Amino acid sequence: MGVIERYRDRIPVIGPNTPNLTLGEGSTPLVRARRLGETLGVELWFKFEGMNPTASFKDRGMVVAVAKALEAGVDGIICASTGNTAASAAAYGAAAGLTTVVLTPTGQIAAAKGAQARAVGARVLEVRGSFDEALQSCRELADRGVFALVNSVNPDRIEGQKTAAFEINEALGSVPHVLALPYGGGGNTVAYCKGFTEEGVKPRILQGEATARATTLATAIRIAEPAHQHEIDDLDAQGWLERVSLSDEEIAHAWHEIANNEGLFCEPSSAAGFAALKHAELEKGSTVVCVLTGHGLKDTSRVDAMAAPSRLVDADADSILAEAMRP
Ligand code: F0G
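Keep in mind the model is a prediction, meaning the values are calculated, not measured.

Novice: For this particular structure, what's the right way to read the site of the ligand?
Specialist: Around the ligand lies a shell of 20 residues, among which Ser81, Thr82, Asn84, Gly185 and Thr293 are the nearest. Within the side chain of Ser81, one N or O atom sits 2.8 Å away from an oxygen atom of the ligand. The backbone of Thr82 places a nitrogen or oxygen atom 2.8 Å from an oxygen atom of the ligand. Mapped by element, the contributors of at least two residues to the shell around the ligand are α4 (84-96) and α9 (187-198). Counted by class, the shell around the ligand contains 6 nonpolar, 12 polar and 2 charged residues. Viewed by domain, the shell around the ligand spans two of them, domain 1 (3-56 + 156-306) and domain 2 (58-153), each represented by three or more residues.

Structure below.
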């Protein structure tokens, strides 16, 4: 059951005429991380949003935004993206039979994400400029009424995205003490706060952001100016948020630890939430949920830099055994 069907009662923008679009998004696993939890002295869980249909958290909100665009009778949808929004918009646009235009900062998105968007027939335009500039142009085209904008500044995206908070509470049977996640444009943070507010709860929320926002190796969060800055400031003033600035080394190290200790392969940006946890004071034994926003297969560039290379070996059993036993 997808997000629209499962949560229709809790998403007010979904009405009787909203198409029941789905690619099977949501209901992602909450995985207990025993080894890393022990090192932090907490009960640690990873919400693996990389298990969504296009392998990132974007699908939850995208399904609602595209269903609403279809209901409104638009011909096409448009977004600016560091890659994941593009892949998600392209997939749901294809399923809805809409023309999909995605703008990406040229040469700066992980190759697999561009492939995902092209494979399902989106018009992928590489913009000579940053993500922020591409988003500005999208807003202009949406204002002209040519396309529906499906970036997270579209409130329908937030409505679908908030369901991740519902799922976490349901899976735990309680509210986590702490939720940690990456901070790029801030849409995901806003959505979790909305979801938790609607459940009447207020966990601590830790946002991990790249110190070098405009150049970070974590290309998914290579965003100089967060589009949701004002809402983030408001939530901050209400005592929701703790922000942690992270070096690229810290993000890469966290990525490596998650993979090697828990067997969960996420993309580098997704490790920013876990990296932020290490800066926080955590109460012993408290429940901590860390959101892994995208799958590692989307961005494998760090694997060569951070993981051991494969080794060449002759095909006989003795050579293989000798090599396999070498640390
Ligand atoms: N993690 C991943 C894997 C992302 O792709 C993004 C954002 C974020 C975290 C940050 O989330 O913006 O809601 O704070 N990706 C956008 C995109 C910008 O175009 O795919 P945020």
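Novice: Sorry if this is basic, but what is going on with the pattern of salt bridges here?
Specialist: Any two side chains of opposite charge can pair, so long as their charged atoms come close to each other. Counted by the stated rule, this structure contains 17 salt bridges. A salt bridge links Lys278 to Glu257; the shortest N-O distance between them is 2.3 Å. Highlighted residues: Lys278 in the loop between α12 (272-277) and β10 (287-292) and Glu257 in helix α11 (residues 248-262), separated in sequence by 21 residues. Overall, the relative accessible area of 38% leaves Lys278 in the partly exposed class. Overall, the relative accessible area of 19% leaves Glu257 in the buried class. Connected via shared salt-bridge partners are Arg6, Lys47, Glu49, Arg60, Glu167 and Glu170.

Novice: What is the right way to look at the pairing of strand β8 (residues 204-210) in this model?
Specialist: A regular strand places its side chains on the two faces of the sheet in alternate fashion. The buried fraction of β8 is high, at 6 of 7 residues. Here strand β7 (residues 178-182) pairs with β8 via 5 bridges, running parallel. Directly across from Val178, in β8, lies its bridge partner Arg204. Tracing the backbone out of β7, into α9 and back to the parallel element β8 gives a crossover that is right-handed. Pairing of β8 with strand β9 (residues 241-246), which is carried by 6 bridges, proceeds in the parallel orientation. Bridge pairing links Ala210 to Leu246 in β9. The β-α-β motif built from β8, the intervening helix α10 (residues 229-237) and the parallel element β9 has right-handed crossover chirality.

Novice: For this particular structure, what's the right way to read the sheet that holds strand β5 (residues 123-127)?
Specialist: One key point about sheets: their strands pair by backbone hydrogen bonds, in either a parallel or an antiparallel sense. On the basis of which strands lie adjacent, the open sheet formed by 4 strands has the order β5-β4-β3-β6 and parallel pairing. Whereas interior strands pair on both sides, the edge strands pair on one side only; in this sheet they are β5 and β6 (148-149). Across 5 bridges, strand β4 (residues 99-105) lies against β5 in parallel orientation. Within β5, the position partnered with Pro105 by the bridge is Val127. Together, β3 (76-80), β4, β5 and β6 form the strand contacts of helix α6 (residues 131-143), whose direction differs from that of β3 by roughly 155°.

Novice: It is not clear to me how a negative patch on the surface should be interpreted in this structure. Could you clarify?
Specialist: A surface patch of negative charge is lined by Glu231, Asp233, Asp234 and Asp236. Residue position: Asp236 is located in helix α10.

Novice: What exactly am I supposed to notice about the sheet that holds strand β2 (residues 43-48) here?
Specialist: Judged by pairing direction, the sheet is mixed, and its 6 strands sit side by side in the order β1-β2-β10-β7-β8-β9 without closing on themselves. Bordering the open sheet on either side are β1 (30-32) and β9, each of which pairs with just one other strand. Across the sheet, the mean angle from the axis of one strand to that of its neighbour is 25°, orientation sign disregarded. Taken strand by strand, α11 contacts β1, β2, β8, β9 and β10, and its axis lies near 100° from that of β9.

Novice: Just checking my understanding: could you explain unusual backbone geometry for this structure?
Specialist: Apart from glycine, the bulk of residues carry a negative phi angle, and the bulk of peptide bonds sit in the trans form. Phi is positive for Ser27, which is not a glycine, with a value near 50°. Its identity is not glycine, yet Ala55 carries a phi of approximately 70°, on the positive side. Its place among the elements puts Ala55 in the loop between β2 and α3 (58-72).

Criteria and cut-off values
Residues numbered from 1 in each chain as written. Predicted model: local features only at pLDDT ≥ 70, side-chain atom pairs only at ≥ 80, totals over all residues. Heavy atoms only, no water. Near = heavy atom within 4 Å. Polar contact = N/O pair within 3.5 Å; in protein donor to acceptor, adjacent residues only side chain to side chain. Helix = DSSP H or I, 4+ residues; strand = E, 2+ residues; numbered from the N terminus. Nonpolar A, V, L, I, M, F, W, Y, C, P; charged D, E, K, R; others polar. Domains from an automatic or database assignment. Salt bridge = Lys/Arg side-chain N within 4 Å of Asp/Glu carboxyl O. Buried < 20%, exposed > 50% of the residue type's maximum accessible area, 1.4 Å probe, protein only. Pairing = 2+ DSSP bridges. Right-handed = clockwise from strand over helix to strand, strands pointing away. Contact = heavy atoms within 4.5 Å. Axes fitted to C-alpha atoms, helices over the stretch in contact; angles between N-to-C directions. Patch = residues over 30% accessible without salt bridge, like charges linked within 9 Å, V, L, I, M, F, W, Y side chains within 5 Å. Areas by Shrake-Rupley, 256 points an atom, 1.4 Å probe, with all protein chains shown as cover. Lys, Arg positive; Asp, Glu negative; His and termini not counted. Charge placed at Lys NZ, Arg CZ, Asp CG, Glu CD.

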